[in-house]
Amino acid sequence: MRNFFKGVRRHIGRLDAQELRNQYNLIADEAEFLETLFETNAEGIIVLDAEGGVLRSNPAAKALLGMEPADAVKTMSIPLGKASKREITVTYPEEKTLETRTLPIKAGTLVYLRDITAEKARTEDELRIGATRAVRELASGVAHEIGNPLNALGLNLRLIERELPAESPSREPVAQCISLVERLDSILKGFLNALRPSRPNLAPGNIALPLKSCLDTLKAQFVGRSIAVFLDIPAALPTVALDSAQMEQVFFNLLKNALEAIRDGGKIEIAISADDNDVTVSFSDDGLGMDAETLAHLFEPYRTTKEHGTGLGLMISARIVRDHGGTIDVQSREGCGTKFTIRLPRIERRIRALGNG
Ligand code: ADP
Ligand code: MG
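This report concerns the structure included in the present document. It should be emphasised that the depicted structure is a prediction, and the values quoted were computed from it without experimental measurement.

## A few points about the packing of aromatic side chains
Two numbers describe a pair of aromatic rings. These are the distance of the centres and the angle of the planes. Evaluation of the coordinates by the stated rule reveals 1 aromatic pair. Measuring from centroid to centroid gives 5.5 Å for Phe251 and Phe283, while their planes differ by 45°, and the two rings are tilted. Of this pair, Phe251 sits in helix 8 (residues 244-261) while Phe283 is found in strand 10 (residues 278-285), placing the two residues 32 residues apart along the sequence. On the basis of relative accessible area, Phe283 is assigned to the buried category, the value being 4%. Above the ring of Phe38, the side-chain terminus of Arg56 is found at 4.6 Å from the ring centroid.

Below, the structure written as structure tokens:
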């Protein structure tokens, strides 16, 4: 373009009227073309004179700034006649981050505006994820470091306990130490589990099996505390995609919470049912129930109302259920009881869902 104009300028004295008209038409076409580029450019462009007044601006500039560029530039303290680059935030009509670049030109200053809101959000997300990962790794490293000496401590305490004569006054404090170490150990395991979840190993299975196995584990407690357990399990159940060991952990966490919420002689009802889409397992207890505050933060880590709670059970359970493609819901009334409901998709539905993308 530049060379073209230079050429015309050099020879303009020698051009006749017809040739001048031709050149003029060429330049008019070119100007129209540039005008279109200017008007439709997605980047905002503002041309400022030497004093910073707006000579021209394109529609994108107005759209990005959310107001007339002539008004906006007054508040932007743009460096005149200099090359520069910076980020500004505009809050109207919505919050946006704009990158502004300036370039000195003959007429004054050229200002480019570009919306970098999405770009910036993405970078911040990446930074945050990276930082979370680093913290996780550090935390699990520390947890492992604590875990090993803790194990040794537990083993040695048990050796000492075994050596102590039955009537020794040290028996009591040693037993206390052992139970404290066990408690620390279980907190640590829960913590590591929460940090490093293993993906479920899904295979078609019957949801009743891990439930029964879990009930066996807890049987002694039910009997010891005279808890009435009501079961409603249909003989035939549709298969679900299942990691039995993980689902047993979920049931264990829910039943343990129920046991901790009810008085001796209380009641737990467990029901399994199926419809066209889901297999549903529900656990109802007639225990303490939860207040609004507890309900609002349920499934969040380290939220516990118990003196010796870890606040990890439900968070881990919810994640396992989610990894199974299912949902977990809760209904609770303070002083009346609590019902947890787990829904897992029937295997045909899962396959259908996957097939449909
Ligand atoms: P933890 O049992 O270690 O406190 P959980 O994640 O298992 O951690 O449970 C979090 C909290 O949810 C409990 O402290 C308790 O307040 C509440 N909660 C869970 N299940 C029940 C239930 N069945 N009845 C009453 N409250 C419950
Ligand atoms: Mg619990």
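## Details of the site of ligand 1
Near ligand 1, the surroundings consist of 21 residues, among which Asn257, Thr304, Thr305, Lys306 and Leu314 are the closest. The contact in question runs from an oxygen atom of ligand 1 to an N or O atom on the backbone of Thr310, over 2.8 Å. A distance of 2.8 Å separates an oxygen atom of ligand 1 from a polar atom in the backbone of Leu314. For ligand 1, whose unbound accessible area comes to 530 Å², protein coverage reaches 92%. At the level of elements, helix 8, helix 10 (313-323) and strand 12 (337-345) are the ones that each hand at least two residues to the shell around ligand 1. Top contributing element to the shell around ligand 1 by residue count: helix 8, with 4 residues.

## Details of the sheet that holds strand 4 (residues 96-104)
One open sheet accounts for 5 strands, arranged 2-1-5-4-3; its pairing is antiparallel. Across the chains shown, the open sheet's two edge strands, defined by having one partner strand only, are strand 2 (54-57) and strand 3 (84-90). The mean angle between the axes of side-by-side strands here comes to 25°, regardless of whether they run parallel or antiparallel. By the bridge criterion, 3 bridges tie strand 1 (residues 44-49) to strand 2 in an arrangement that is antiparallel. Bridging across to strand 2, Val47 finds its partner in Arg56.

Here is what the cut-offs are and how they apply
- Residues numbered from 1 in each chain as written.
- Chains lettered and ligands numbered in written order.
- Predicted model: local features only at pLDDT ≥ 70, side-chain atom pairs only at ≥ 80, totals over all residues.
- Heavy atoms only, no water.
- Phe/Tyr/Trp six-rings, centres within 6.5 Å; stacked < 30°, edge-to-face > 60°.
- Helix = DSSP H or I, 4+ residues; strand = E, 2+ residues; numbered from the N terminus.
- Buried < 20%, exposed > 50% of the residue type's maximum accessible area, 1.4 Å probe, protein only.
- Lys NZ or Arg CZ within 6 Å of the ring centre and 35° of its normal.
- Near = heavy atom within 4 Å.
- Polar contact = N/O pair within 3.5 Å; in protein donor to acceptor, adjacent residues only side chain to side chain.
- Areas by Shrake-Rupley, 256 points an atom, 1.4 Å probe, with all protein chains shown as cover.
- Pairing = 2+ DSSP bridges.
- Axes fitted to C-alpha atoms, helices over the stretch in contact; angles between N-to-C directions.

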